[in-house]
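Commentary on secondary and tertiary structure
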Amino acid sequence: MRVLAIETSCDETSAAILADGVVRANVVSSQIQIHSEYGGVVPELAAREHLRGLPVVIQSALRAAQMTPREIDVIAATLGPGLPQALLLGARAAQAFAFATQRPFVGIHHHEAHLYSPWISGEPLRVRFDEIEPHVSLIASGGHTLLIYVEGVRRHQVLGSTLDDAAGECFDKIAKLIGLAYPGGPQIDRLASEGDRNAFTFPRPLLRDQTDDFSFSGLKTSVRYFLEKNSALLTDRKAVRDLCASVQEAIVEVLVTKLLSAARRKNVGCVTASGGVICNRRFRERLAKEAAALDLRIRLASPGLCTDNAAMIAAVGELRYARGEVTSYDEEIRPSWTLEALEKAGTPAVPGVRKGSEQALSTVRVG
Ligand code: KG4
Ligand code: ZN
């Protein structure tokens, strides 16, 4: 089976092709440079760039996989959650492609795709959902921080999420306070590698509380107050590195500790992690060390699949299609879709166009 997938939930325009479980193409066009000028993602600019980028990434994916549109069996795209203007373009492009080629369309939940992305691995990249065992998974990106218990394929339960800022958002906002470019996570990671993580102490919110939820806005506020009192520190290169390392350590400690304590409580033998923040080197190092001490296996999404990409959308698209779950060509985007809602309602199994829409169309007169 050949799946073409499209992802445009935020500031990455991506198209991928999966053929019989192997990622044959995963083209990602990043808009980071455009948004960095504004210190964050500007939805209107993201939409404009998706519109420009979609034909380019779809064509390059087809070319890289040496396939024509007619050779695609299924088309998948992210329906939500994400920025409405951004989601709309990718979903509509995929639905139009599916309609034009008369192939089924499958709408995908962005977090479900992140959740299973650690199970796409190897060279060439291959979907290994058959290896999924009970585990606890952390999704940490610019928009979300989620802790999820996974019993098996498509059987999961959200344990906790952030009460305010996401982990990536915390990296980005603190980086902005320090005067670093957007997105701040990779910049803090780079500077922290030469800094002293014990130089300054910042709060570890909800670390010892009996909850799987996260909270990062207090940490950001505490860094802001600290910098208001110690602004001279920002002109000292060594102090900035120490500051980055200390902030990073606070965020990483919260993420690692909560992931591992949930894994212990759920009595699983494996933990996984995905999302942009999981590229963080100190997170990977600390998790590896602490998980080994607990005899837990780790599966992390490979760096190329941590940030937003269409390969993970294709993998879940194939899975859902194989289970007979198809979505209508005119299904609406779902900007605030939660994983809990996905599990309750599932994706609508309505091929073609929805009934109401057919009626609406039948009233249109031509000529
Ligand atoms: O998953 P992603 O590409 O997009 C969202 O769905 O949000 O994640 C982007 C986030 C940004 O906040 C970025 O600063 C963060 O991931 N990030 C990192 C690193 N690389 C990306 N945070 C910490 N360390 C990194 N190396
Ligand atoms: Zn994402």
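It should be emphasised that the depicted structure is a prediction, and the values quoted were computed from it without experimental measurement.

So, on to the packing of helix H7 (residues 217-229) against helix H8 (residues 237-266). Relative to each other, H7 and H8 sit at 160°, their axes nearing to 11 Å. Put simply, H7 runs roughly antiparallel to H8. Crossing of H7 over H8 shows right-handed handedness. Within the contact between the two elements, H7 uses Leu219, Val223, Phe226 and Leu227 and H8 uses Leu243, Val247, Ala250 and Ile251. A class-by-class count of the residues in the contact of H7 with H8 yields eight nonpolar, no polar and no charged.

Another point: the coordination of the zinc ion (ligand 2). When a metal carries six donors in an octahedron, the ideal angles between them are 90 or 180 degrees, while four donors in a tetrahedron ideally lie at 109.5 degrees. Within the protein, the atoms that donate to the zinc ion (ligand 2) are His110 (NE2), His114 (NE2) and Asp308 (OD), at distances of 2.1 Å. For the zinc ion (ligand 2), the four donor atoms are set out with angles of 91 to 146° between them, so the coordination reads as irregular. When the donor residues of the zinc ion (ligand 2) are listed from N- to C-terminus, their spacing reads H-x3-H-x193-D. In this pair, His110 is assigned in helix H4 (residues 110-116) and Asp308 in the loop between helix H10 (303-306) and helix H11 (311-322), connecting sequence segments 198 residues apart. When its relative accessible area of 6% is taken as the criterion, His110 is described as buried.

Here the focus is helix H6 (residues 184-192). Judged by how many residues are buried, H6 sits mostly within the fold: seven of nine residues are covered. Every buried residue belonging to H6 is among Gly184, Gly185, Gln187, Ile188, Asp189, Leu191 and Ala192, and all of these are buried. Residues of H6 that are buried in the fold lie against helix H5 (167-178), H8 and helix H9 (281-293).

Pairing is mixed in the open sheet, where five strands are placed in the order S10-S9-S8-S11-S12. Because the sheet does not close on itself, it has two edges, and the strands there are strand S10 (155-161) and strand S12 (297-300). Adjacent strand axes in the sheet meet at a mean angle of 20°, parallel and antiparallel pairs treated alike. Contacting strand S8 (135-140), strand S9 (145-152), S10 and strand S11 (270-274), H8 crosses the sheet at an angle of about 155° to S8.

The rules behind each value
- Residues numbered from 1 in each chain as written.
- Chains lettered and ligands numbered in written order.
- Predicted model: local features only at pLDDT ≥ 70, side-chain atom pairs only at ≥ 80, totals over all residues.
- Heavy atoms only, no water.
- Axes fitted to C-alpha atoms, helices over the stretch in contact; angles between N-to-C directions.
- Helix = DSSP H or I, 4+ residues; strand = E, 2+ residues; numbered from the N terminus.
- Parallel < 35°, antiparallel > 145°, perpendicular 65-115°, else oblique.
- Left-handed = near helix turned anticlockwise from the far one by under 90°.
- Contact = heavy atoms within 4.5 Å.
- Nonpolar A, V, L, I, M, F, W, Y, C, P; charged D, E, K, R; others polar.
- Donors = N, O, S within 2.8 Å, 3.2 Å for Na, K, Ca; no water.
- Tetrahedral: all angles 85-135°; square planar, octahedral: opposite > 155°, others 65-115°.
- Buried < 20%, exposed > 50% of the residue type's maximum accessible area, 1.4 Å probe, protein only.
- Pairing = 2+ DSSP bridges.

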